[in-house]
Amino acid sequence: LVCVLLYVECAPAPPLHTTLKVVMYTNEIQLAGDLIQSLSSFLHVENLESQCHFPAYEEYVKDCIKKVEEQQQLYTRLRAEIADHSNLIRGLVVRAEDARVNHDMLGVRQAYKSLNEFNIDLVRGHNIRCNTHGQLIELQRQLNMAVQQFARLRVGIGKTRLIARSKNALKSDQLEKLLDMLRGYIDMRALTKEQAKETQLRQQREVKERQQSSQQAEKGQKRARA
């Protein structure tokens, strides 16, 4: 049994305008969303912002966010390792071919033995990466469902803005701000400049990571040729 308490406060406003403050107490976010949507439809409310706090459901969202961050870090590390191994394999293929041309059968066997080991590592890494990708998709689906639940606590522009900002936070890895967005503690209209700056910094980090990965690949090729 879920109890709901509604508190309505009328504030002074210009003629023909009424400002209402409604406070709901319930542990069920879905019930709160149903009530807000029904009341908004009955009262013909076109736009509605809200702040909310659902401790149990927010812990679930926090857990999903934490798992997403962990899976993203693992996915990035595996991708870098696969790129490094791929470059080493190309170097070993050249080394094996050089040994074959020079009739160095011992060198050929050693090169192909190393190739086999790297190939096994690549297959193992690929399987782990596929599993990680599947888990990431499932976690992001759960987060999108959570965003929809919180969005039902708003109406009109507020609902549309929350969904857009939350999806942008998921795409740009701004997960640490997602929960405050869902609660309504962050002004969505004030995020544009800050998000643009963070996006620029993220792009710079990605360029730096690609350069470091390229340098590591070149070092791997040199080691393989040596």
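Every value quoted in this text rests on a predicted model; they were computed, and no experiment measured them.

Cut-offs applied
Residues numbered from 1 in each chain as written. Predicted model: local features only at pLDDT ≥ 70, side-chain atom pairs only at ≥ 80, totals over all residues. Heavy atoms only, no water. Axes fitted to C-alpha atoms, helices over the stretch in contact; angles between N-to-C directions. Helix = DSSP H or I, 4+ residues; strand = E, 2+ residues; numbered from the N terminus. Parallel < 35°, antiparallel > 145°, perpendicular 65-115°, else oblique. Left-handed = near helix turned anticlockwise from the far one by under 90°. Contact = heavy atoms within 4.5 Å. Nonpolar A, V, L, I, M, F, W, Y, C, P; charged D, E, K, R; others polar. Phe/Tyr/Trp six-rings, centres within 6.5 Å; stacked < 30°, edge-to-face > 60°. Buried < 20%, exposed > 50% of the residue type's maximum accessible area, 1.4 Å probe, protein only. Salt bridge = Lys/Arg side-chain N within 4 Å of Asp/Glu carboxyl O. Patch = residues over 30% accessible without salt bridge, like charges linked within 9 Å, V, L, I, M, F, W, Y side chains within 5 Å. Areas by Shrake-Rupley, 256 points an atom, 1.4 Å probe, with all protein chains shown as cover. Core = buried A, V, L, I, M, F, W, Y, C linked by side-chain atoms within 4.5 Å.

Engineer: Where do I start with the packing of helix α3 (residues 105-151) against helix α4 (residues 157-171) in this structure?
Structural biologist: Where α3 meets α4, the axes come as close as 9 Å, and the angle between the chain directions of the two elements is 160°. When the axis of α3 is compared with that of α4, the two are roughly antiparallel. Of the two elements, α3 crosses α4, and the hand of that crossing is right-handed. Counting all contacts with α3, which are made through Leu143, Asn144, Val147, Gln148, Phe150 and Ala151, the residues of α4 involved are Lys159, Leu162, Ile163, Ser166 and Leu170. Within the contact of α3 with α4, the residues separate by chemical class into 7 nonpolar, 3 polar and 1 charged.

Engineer: Where do I start with the packing of aromatic side chains in this structure?
Structural biologist: Centre distance and the angle of the planes are the two values used to describe a pair of aromatic rings. On inspection of all chains with the given rule, the structure shows 2 aromatic pairs. Relative to Tyr60, the ring of Tyr57 lies with its centre 5.6 Å away and its plane at 40°, an arrangement referred to as tilted. Taken together, the residues Tyr57 and Tyr60, both in helix α2 (residues 55-101) and 3 residues apart, mark about one turn of the helix. Classification of Tyr57 by relative accessible area gives partly exposed; the value is 21%. For Tyr60, a relative accessible area of 34% gives the class partly exposed. Both rings, one in Tyr57 and one in Phe150, keep their centres 5.8 Å apart while their planes meet at 50°; by these two values the pair is tilted. With Tyr57 in helix α2 and Phe150 in helix α3, the pair connects residues that are 93 residues apart, well separated along the chain. What makes Phe150 buried here is its relative accessible area of 0%.

Engineer: Quick question: what am I supposed to make of unusual backbone geometry here?
Structural biologist: Excluding glycine, residues mostly carry a negative phi; peptide bonds, for their part, are mostly trans. The phi torsion at His44 lies on the positive side, around 60°, for a residue other than glycine. Tracing the chain through its elements places His44 in the loop between α1 (29-43) and α2. For His103, which is not glycine, the phi torsion reads 60° and is therefore positive. Counting through the fold element by element, His103 comes out in the loop between α2 and α3. Taking the relative accessible area as the measure of exposure, His103 reaches 68% and is therefore exposed.

Engineer: What's the story with the pattern of salt bridges in this structure? I'm lost.
Structural biologist: Any two side chains of opposite charge can pair, given that their charged atoms come close. On inspection of all chains with the given rule, the structure shows 9 salt bridges. Among the ionic pairs, Asp34 bridges to Arg152, the shortest N-O distance being 2.8 Å. Taken together, the positions of Asp34 in helix α1 and Arg152 in the loop between α3 and α4 put the pair 118 residues apart, joining distant regions of the chain. Accessibility expressed as a relative area gives 25% for Arg152, which makes it partly exposed. Residues Glu49 and Arg161 are paired through a salt bridge, measuring 3.0 Å at the closest nitrogen-oxygen approach. Here Arg161 lies in helix α4 and Glu49 lies in the loop between α1 and α2, a separation of 112 residues in the sequence.

Engineer: I tried to follow a nonpolar patch on the surface on my own but got confused; where do I start?
Structural biologist: Residues Leu39, Phe42 and Leu43 make up a contiguous nonpolar surface patch of roughly 320 Å² in combined accessible area. On the secondary structure map, Phe42 appears in helix α1.

Engineer: Would you take a moment to explain the nonpolar core for this structure?
Structural biologist: Soluble globular proteins: nonpolar side chains tend toward being buried together. Residues Phe54, Val61, Leu143, Phe150, Leu153, Leu178 and Leu182 are the most contacted members of the largest nonpolar core, which totals 28 residues. Mapped onto this core, the elements with two or more residues apiece are α1, α2, α3, α4 and α5 (175-183). Other than its neighbours up to four places away in sequence, Val61 contacts Leu143, Ala146, Phe150, Leu179 and Leu182. Grouped together as the second largest cluster of nonpolar side chains are 5 residues, Ile82, Ile89, Leu115 and Leu122 included.

Engineer: I tried to follow the environment of Glu81 on my own but got confused; where do I start?
Structural biologist: Structurally, Glu81 can be placed in helix α2. Exposure remark for Glu81: the relative accessible area of 35% places this residue in the partly exposed category. Taking the C-alpha atoms as reference, Glu81 lies 8.7 Å from Leu122; in sequence the two are 41 residues apart.

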